[in-house]
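# Understanding the architecture of this molecule
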Amino acid sequence: MNDVPAGLPKAWTKMLEGLKTWSRIYSPWAIHFNSGSCNGCDIEILATLTPRYDVERFGIKLQGSPRHADVLICTGPVTLQARDRLKRVYDQMPDPKFVIAVGSCATSGGVFQGCYNVLGGIDQVIPVNAFIPGCPPRPEAIIDGVVKLLGSLAEKKFAEKTG
């Protein structure tokens, strides 16, 4: 799905695509989804948004709607009840979309692995771009994971430009 209007000269199309990629790297909007965690990771994610850690200095803004978000930040193991909701939220996000699994439960199911209603980590339902381990992970680790994801996107953009 291409958001650039048809009929534009190639130079304009390339410039608009570059602008779109730049804005996704330097000003990503994120949405948070709790798929059944104990809320330890949720508290740490909210701590990253406070002035003490100030994740907004990287341009990251917490968004309330998946239709406006570029990054899906997931916590907790995927439960049977949350599976369809998680998939629906992921499908509502515009492309390209990125997923970050925060915490041991989101990466592997954690302490809830083996429960009758737990499917496992987030990657059992949707593709994940970055895993941030920990129970719960510190705000510094969450910021580091987000910055590394954005850095890998910038490297990919540079490789496409030069290669």
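The coordinates are above.
Structural notes, computed from the coordinates. Computed from a predicted structure; not experimentally measured.

Quick notes on the rules
Residues numbered from 1 in each chain as written. Predicted model: local features only at pLDDT ≥ 70, side-chain atom pairs only at ≥ 80, totals over all residues. Heavy atoms only, no water. Patch = residues over 30% accessible without salt bridge, like charges linked within 9 Å, V, L, I, M, F, W, Y side chains within 5 Å. Areas by Shrake-Rupley, 256 points an atom, 1.4 Å probe, with all protein chains shown as cover. Salt bridge = Lys/Arg side-chain N within 4 Å of Asp/Glu carboxyl O. Helix = DSSP H or I, 4+ residues; strand = E, 2+ residues; numbered from the N terminus. Pairing = 2+ DSSP bridges. Contact = heavy atoms within 4.5 Å. Axes fitted to C-alpha atoms, helices over the stretch in contact; angles between N-to-C directions.

## Notes on a nonpolar patch on the surface
A contiguous nonpolar surface patch, about 360 Å² in accessible area, is contributed by Leu19, Trp22 and Tyr26. Assignment of secondary structure puts Leu19 in helix H1 (residues 10-26).

## Considerations on the environment of Cys38
Take Cys38: it is sitting in the loop between strand S1 (29-34) and helix H2 (40-48). Along the backbone, Cys38 and Pro77 are 39 residues apart, and their C-alpha atoms lie at a distance of 9.7 Å.

## With respect to the sheet that holds S1
Ordered by their spatial adjacency, 5 strands build an open sheet running S2-S1-S3-S5-S7, and the pairing between neighbours is parallel. Among the strands making up the open sheet, the edge pair consists of strand S2 (61-62) and strand S7 (130-132). Relative to S2, S1 is paired through 2 bridges, and the arrangement is parallel. Residue Ala30 lies in a different strand from S2, and its bridge partner there is Leu62. Of the strands in this sheet, S1, strand S3 (71-75) and strand S5 (98-102) touch H2, which is tilted by about 140° from S3.

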